[in-house]
Amino acid sequence: MTERVAIVGIGTTGFRPITPDVSYRELIFEAARKAYTDAGIEPSEIDGFITAAEDFLEGYSIADEYCPDQIGAVLKPTHTVPGDFLQAMATGFMMVKTGAFRTVAVEAHSKASNMKNISELIGFAMDPIYNRPLRETPHAISALEMTRYLFETCTTPDQCAQVVSKNMGNAMHNPYAAFGAEIESGDVLNSEPVSLPLHRLDIAQHADGAVVVVLADEATARALTDVPIWVEGIGWCTDTPTLEMRDWGEAAYARLAADMAYRMAGITNPVAEIDFAEICDEYSYKELQHMEALRFCMPGEAAHLLETGVTAIDGELPINVSGGALGVGHLFEASGAHKILELVEQLRGEAGTRQIPDVAVGLAQTWRGVPTATGAVAILSNL
Amino acid sequence: MKLEDYELGGTPLRSSDIKKGNVLTTSWEPNLAYAWDDGVAIGRYLAELKNGRIIGRTCYKCNRIMIPPRMFCELCFRPSDEWVYCKDTGIVNTFSICHINWDASRRGPNEPPLIPAVIEIDGASKGMGILHMLSEVDPDDIKVGLKVKAVWKNPGERTGSITDILYFKPLRAPTKRAKATKKRAKATRKRK
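Because the structure is a prediction, the values reported are computed rather than measured.

Some thoughts on the nonpolar core
- Membership of the largest hydrophobic core comes to 111 residues, with the highest contact counts inside it found for A:I7, A:M89, A:F296, A:I340, A:L363 and A:L380.
- With eight residues, helix α4 (residues 85–97) of chain A is the single largest residue contributor to this core.
- The residue makeup of this core includes at least three contributed by each of domain 1 (5–116 + 207–229) and domain 2 (136–201 + 232–381) of chain A.
- Setting aside its immediate chain neighbours within four residues, A:M89 contacts A:I7, A:V106, A:L215, A:V231, A:I234, A:I340, A:A378 and A:L380.
- Core analysis: the next-biggest nonpolar cluster, separate from the first, contains 27 residues, B:M66, B:A117, B:A124 and B:I142 among them.

This is the structure we're talking about:
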């Protein structure tokens with residue numbers, strides 16, 4: 001088996017609330033062309049291609065068949081992973097590890113603006129016997145989780161609202177972000193109640209955009225670039241789909257996915273060994289809940305770290321410097337791709353005005369959103 | 001052999017039992033809707049169909065003229081270069097005489113078969129064109145390589161859709177000689 005796998009190229013369109021000027025094919029082509037130029041490689045030289053896509057989000061059945069043209073994969077080994085980008089990247093990582101593929105391109109995109117009734121679409125993911133007949137909005141599922149998380153950890157809605165303020169503020173410095181704003185936690189609590197304790201501004205808004213990443217084995221990576229970004233660890237995990245039996249307070253899927261990635265990366269003290277993290281904040285409380293699942297702190301301590309500025313851009317453990325999903329936009333299966341994009345830019349020192357000085361190890365974590373209990377974690381380094 | 005002829009255990013279940021509520025069922029009709037952005041390439045293609053024209057896009061590197069048009073060449077992986085109008089004539093690359101509908105129901109005795117065909121459009125690169133329907137043609141007259149021409153909807157009825165072309169029909173009516181050959185072939189088949 002080849003020893004290490006690196007990211008040698010990345011490209012993106014950035015993220016916007018709507019993209020009526022381009023088709024999804026044109027959107028993806030832009031990200032792919034940039035990624036291949038960044039890697040210094042043509043798609044004809046890439047050994048394998050993966051896309052992260054879900055038919056119901058695309059509005060096509062067998063949407064994977066529509067992928068090859070815009071990623072340069074016509075008549076090449078190509079397949080789709082119906083999950084988050086990080087799960088697709090894990091597959092690409094394994095393909096390179098086998099030694100049969102020197103390079104693999106991984107693509108994810110969101111055309112959320114083309115889905116005309118997202119609530120119904122997500123509701124369709126609920127169990128048809130036990131849950132769907134109740135016709136609850138998917139946001140209510142998150143609200144149930146938030147209530148339990150607040151109860152178990154003595155966290156307050158105001159502390160969750162401070163996550164929104166931090167992340168939308170961070171997004172003001174990210175040219176890729178769609179929803180940068182200077183707001184205060186009071187603005188969040190004063191926004192319309194959705195399914196309490198969730199208010200409108202606690203919930204990430206959807207955005208469109210595409211990201212393509214090129215993975216390579218160590219020898220190829222060193223030949224292609226002076227700044228390979230190494231995939232040190234990767235893990236993923238799914239809890240039971242049964243809403244009635246889940247652990248509602250804790251994000252167990254994220255804890256176990258992180259443990260898998262930590263083991264692979266040889267990390268025993270995450271908070272000391274990880275310099276910064278991009279973690280799932282599709283709902284405000286999720287950032288705090290996920291911090292605890294990732295063992296950055298004990299359950300109930302995440303809000304304290306937030307309030308004392310530890311997770312701010314100039315703190316000891318900056319979290320969601322990009323703006324997260326709250327600031328950049330909720331990207332469905334491309335959520336993990338945007339986090340990897342931020343990690344790569346930070347680790348290369350290319351993050352502009354939001355650059356964190358002297359970073360060497362970053363962590364990306366995603367959750368597939370309501371009603372799933374699937375999470376994935378990747379750890380990247382420039383060492 | 002009918003189901004009743006078998007000795008089966010259990011209770012027979014018929015669709016009428018489900019309709020009458022004699023068995024417990026649950027159902028769900030998804031209410032999903034999508035509005036795909038057409039983007040630059042498909043947008044112009046559809047706008048030109050509304051104008052009664054077929055437009056393609058060139059790639060200077062591989063020298064192809066692509067229909068349907070695209071803003072990037074999927075083989076050279078670079079932006080495509082120029083818009084170019086093509087003719088609304090072409091040749092049949094492949095076709096089928098189809099006796100069933102979209103929903104797999106059989107076409108009625110008075111309904112002519114559907115004839116889907118891939119038309120290589122004149123002016124586009126070899127092998128590129130439109131998947132459409134043939135009509136105003138005797139199925140026996142269709143062969144690979146047949147020259148055809150688009151039959152358009154009236155300008156006022158066009159909506160910027162692939163259905164702005166009603167169908168393709170043979171460019172020329174069958175010649176007397178072709179008709180005679182066909183008649184002979186039919187007669188031969190009958191004798192056999």
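That shown, we press on.
Thoughts on the domain arrangement of chain A
Residue and element names in this part refer to chain A.
- Annotation of chain A at the domain level lists domain 1 (5–116 + 207–229) and domain 2 (136–201 + 232–381).
- Just the C-alpha atoms count here: the centres of domain 1 and domain 2 sit 23 Å apart.
- Listed per partner, the contact involves 35 residues of domain 1 and 33 residues of domain 2.
- Both faces combined, the contact of domain 1 with domain 2 buries some 2,800 Å², and carbon together with sulfur accounts for 74% of it.
- Three residues, F15, L86 and I229, lead the burial of domain 1 against domain 2; their summed loss comes to 25% of the area buried on that side.
- At the junction of domain 1 with domain 2, the criterion picks out two salt bridges.
- At the boundary of domain 1 and domain 2, one finds eight residue pairs in polar contact (both at pLDDT 80 or more).
- Elements with a contribution of two residues or more to the side of domain 1 that touches domain 2: β1 (5–12), α4, β4 (103–111) and β7 (208–217).

Details of the packing of helix α6 (residues 138–153) of chain A against helix α12 (residues 284–293) of chain A
Residues and elements named next belong to chain A.
- α12 packs onto α6 with a crossing angle of 50° between their chain directions and a minimal axis gap of 10 Å. The orientation of α6 relative to α12 falls into the category oblique. Crossing of α6 over α12 shows left-handed handedness. Residues S142, E145, M146, Y149 and T153 of α6 lie in contact with α12, whose contacting residues are S284, Y285, K286, L288, Q289 and E292.
- Considered class by class, the residues forming the contact of α6 with α12 number four nonpolar, four polar and three charged.

Parameters and conventions
Counting of residues starts from 1 at the beginning of each chain's written sequence and follows it residue by residue. Chain letters and ligand numbers both follow the written order, the letters beginning at A and the numbers at 1. Local features in this predicted model are restricted to residues whose pLDDT is 70 or higher, and side-chain atom pairs enter the listing and the counts only when it is 80 or higher, whereas totals over whole chains, interfaces and linings include all residues. Side-chain metrics in this entry use all non-hydrogen atoms of the structure; hydrogen atoms and water are not considered. To define a nonpolar core, start from buried Ala, Val, Leu, Ile, Met, Phe, Trp, Tyr and Cys residues and group those joined through side-chain atoms within 4.5 Å. Only protein chains enter the calculation, and the probe is 1.4 Å; a residue is then buried if its accessible area is under 20% of its type maximum, exposed if over 50%, and partly exposed in between. Only runs of H or I of at least four residues qualify as helices and only runs of E of at least two qualify as strands under DSSP, and these elements are numbered from the N terminus. All domain edges in this entry derive from an automatic or database-based domain assignment. The criterion used for residue contact is that any of the two residues' heavy atoms lie within 4.5 Å. Take the accessible area each of two parts loses on contact, using a 1.4 Å probe, and add the two losses: that sum is the buried area. Each salt bridge in this description consists of a side-chain nitrogen of Lys or Arg and a carboxyl oxygen of Asp or Glu lying within 4 Å of one another. By the criterion applied in these results, polar contacts are pairs of N or O atoms within 3.5 Å in which, for protein atoms, one can donate a hydrogen and the other can accept it, and in which residues neighboring in sequence qualify only through two side-chain atoms. Throughout, an axis means a line fitted to C-alpha atoms (over the contacting stretch in the case of helices), and angles, computed between N-to-C directions, take values from 0 to 180 degrees. Roughly parallel covers angles under 35 degrees, roughly antiparallel covers those over 145, roughly perpendicular covers 65 to 115, and oblique covers all other angles. Should the near helix be turned anticlockwise from the far one by less than a right angle, the crossing is termed left-handed; should it be turned clockwise, right-handed. Basically, the charged four are Asp, Glu, Lys and Arg, the nonpolar ten are Ala, Val, Leu, Ile, Met, Phe, Trp, Tyr, Cys and Pro, and anything else, Gly included, counts as polar.

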